[in-house]
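Spelled out, the chains give:
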Amino acid sequence: MENALKDLEKVGVYPFLAEPFHCDFCGRLFMGHLGNHMLNAADFHSSARGFGMKYLMTIQRSWVLSRLAIEMKEMPQQYTKFNVETWVESAMRFFTSRNFAVVGVEEGGGDEKKVYGYGRSIWAMIDTETRQPTDIYAINNGAINDWIVKDKPCPIDKGGRVRMTDNAEFVHSVKTYYNDVDINGHINSVKYIEHVLDLWPIEWYREHRLKRFEIAYVAEAHSGDQLSFYREKVQEGEYCVRIVKDEEVEVSRSKVVFI
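Each pair of packed helices can be summarised by the angle the axes make with each other and by the distance between the axes. Remark: helix α2 (residues 31-48) packs on helix α4 (residues 189-197), axes separated minimally by 9 Å, with the N-to-C direction vectors making an angle of 165°. Considering the angle they form, α2 stands roughly antiparallel to α4. The handedness of the crossing between α2 and α4 comes out as right-handed. On α4, the residues that touch Met31, Gly32, Gly35, Asn36 and Leu39 of α2 are Ser189, Val190, Ile193, Glu194 and Leu197. Among the residues forming the contact of α2 with α4, the class breakdown is five nonpolar, four polar and one charged.

In structure tokens:
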């Protein structure tokens, strides 16, 4: 096992395909599916290096996503092959930052690869019994430190604090069901992305392209919770969204930028 780990690169590279039924009416990959690919790449990377979900579940631990920011120059078109590169940028006792690059696969080879965009994420490790943050460095004697990459650029802004006022407009509410729930027993991180992007009608997407999406997760929601969505326009093409469960508990905030 130790020798196998030595052969691994610090940056993981994982191949994906923009499958046609994962793409929108314009033939571009849905942001939600791209988010899923990023989360899968994160799990593949961490699992191969000894601190992934499969191992953590055996010791009553789990990773939960705290923040995610994705900024795209363009989305892969249907049938396009691409790689998601991922690496750990830093680690602290209760949180770790992980970055992503979405890079094209050139069929004919070549050194210059097309970069579609980047992602930044913050993760916490929790005790699955208490649901409280737990010490990341306690896992395999702080093994995560062996995989930190400080010199690989991720040239997008980190997700900042999403500030909203009382002027945010209520848009609608949705109920949550079986298909909304992930392996941690709470509403899937990507489902929030899909619900937020559904706040704009399809006609909007005929005229606008999603450039950046960021979300901060505040509290857990579970199957059966009703989620209410409040939207506030910041400036032309930029909006903030607050998601509240059962009309009183804020579960997340998002910022969405269109061009």
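The structure having been displayed, the exposition proceeds.
Formed by 58 residues in total, the largest nonpolar core has its most connected members in Met31, Leu34, Trp63, Phe82, Tyr192 and Trp200. At six residues, α2 tops the list of elements feeding residues into this core. Look past the residues within four positions of Met31 in its chain and what remains in contact with it is Ile70, Met72, Met75, Ile193, Leu197, Leu210 and Phe213. Judged by nonpolar contacts, the second largest core, of seven residues, contains Trp87, Val103, Val149 and Cys154.

One open sheet accounts for ten strands, arranged β1-β3-β4-β5-β2-β7-β10-β9-β8-β6; its pairing is antiparallel. Where the open sheet ends on each side, the last strands, each with one partner, are β1 (12-17) and β6 (169-175). Each strand axis lies, on average, 25° off the axis of its neighbour in the sheet, ignoring direction. With eight bridges joining them, strand β9 (residues 238-245) and strand β10 (residues 249-258) adopt antiparallel strand pairing. Opposite Val241, over in β10, you have Ser254 as the bridge partner. Lying over the sheet, α4 contacts β2 (61-72), β6, β7 (210-217), β8 (226-235), β9 and β10, oriented at roughly 130° with respect to β7.

Note on aromatic pairs: each is described by the distance of the centres and the angle between the planes. Counted under the stated rule, the structure contains ten aromatic pairs. Here the aromatic rings of Trp200 and Tyr239 are separated by 5.3 Å at their centres, their planes lie at 70°, and the arrangement is edge-to-face. With Trp200 in the loop between α4 and α5 (202-207) and Tyr239 in strand β9, this pair connects stretches of sequence that are 39 residues apart. With relative accessibility at 9%, the residue Tyr239 sits in the buried group. Both rings, one in Trp204 and one in Phe258, keep their centres 5.4 Å apart while their planes meet at 80°; by these two values the pair is edge-to-face. A residue pair is termed long-range when its members are at least 10 positions apart, and Trp204 in helix α5 and Phe258 in strand β10 qualify at 54 residues. Here Trp204 matches Phe258 in class, with each residue buried. Members of the aromatic cluster, joined through ring pairs, are Trp200, Trp204, Tyr205, Tyr239 and Phe258.

Let us now look at α4. At 3.6 residues per turn, the α-helix brings residues three or four places apart onto the same side. Across the nine residues of α4, seven count as buried, placing the element largely inside the fold. For α4, the set of buried residues is Ser189, Val190, Tyr192, Ile193, His195, Val196 and Leu197. Capping the start of α4 is the job of one residue whose side-chain oxygen sits 2.7 Å from the backbone nitrogen of Val190: Asn188.

Its 18 residues give α2 an end-to-end C-alpha distance of 26 Å, which sits within 8% of 26 Å, the value for a rise of 1.5 Å per residue. Of all the residues in α2, the buried ones are Met31, Gly32, His33, Leu34, Gly35, His37, Met38, Leu39, Ala41, Ala42, His45 and Ser46. Gly50 lies just past α2 and shows a positive phi near 95°.

So, about the pattern of salt bridges. The full count for this structure, using the stated rule, is 13 salt bridges. Across the pair Arg212 and Glu214 runs a salt bridge whose closest N-O atoms are separated by 2.9 Å. Summarising the burial analysis for this pair, Arg212 and Glu214 share the class buried. Three or more residues are tied together by salt bridges with common partners; here these are Glu71, Arg212 and Glu214.

With that out of the way, let us pick up unusual backbone geometry. Residues other than glycine seldom take positive phi values, yet Gln60 does so here, at roughly 60°. Residue placement: Gln60 occurs in the loop between α3 (53-56) and β2. Not every positive phi belongs to a glycine, and Asn141 is a case in point at roughly 55°. With respect to the helices, strands and loops of the structure, Asn141 is situated in the loop between β5 (115-127) and β6.

Here is what the cut-offs are and how they apply
Residues numbered from 1 in each chain as written. Predicted model: local features only at pLDDT ≥ 70, side-chain atom pairs only at ≥ 80, totals over all residues. Heavy atoms only, no water. Axes fitted to C-alpha atoms, helices over the stretch in contact; angles between N-to-C directions. Helix = DSSP H or I, 4+ residues; strand = E, 2+ residues; numbered from the N terminus. Parallel < 35°, antiparallel > 145°, perpendicular 65-115°, else oblique. Left-handed = near helix turned anticlockwise from the far one by under 90°. Contact = heavy atoms within 4.5 Å. Nonpolar A, V, L, I, M, F, W, Y, C, P; charged D, E, K, R; others polar. Core = buried A, V, L, I, M, F, W, Y, C linked by side-chain atoms within 4.5 Å. Buried < 20%, exposed > 50% of the residue type's maximum accessible area, 1.4 Å probe, protein only. Pairing = 2+ DSSP bridges. Phe/Tyr/Trp six-rings, centres within 6.5 Å; stacked < 30°, edge-to-face > 60°. Polar contact = N/O pair within 3.5 Å; in protein donor to acceptor, adjacent residues only side chain to side chain. Expected span 1.5 Å × (residues − 1). Salt bridge = Lys/Arg side-chain N within 4 Å of Asp/Glu carboxyl O.

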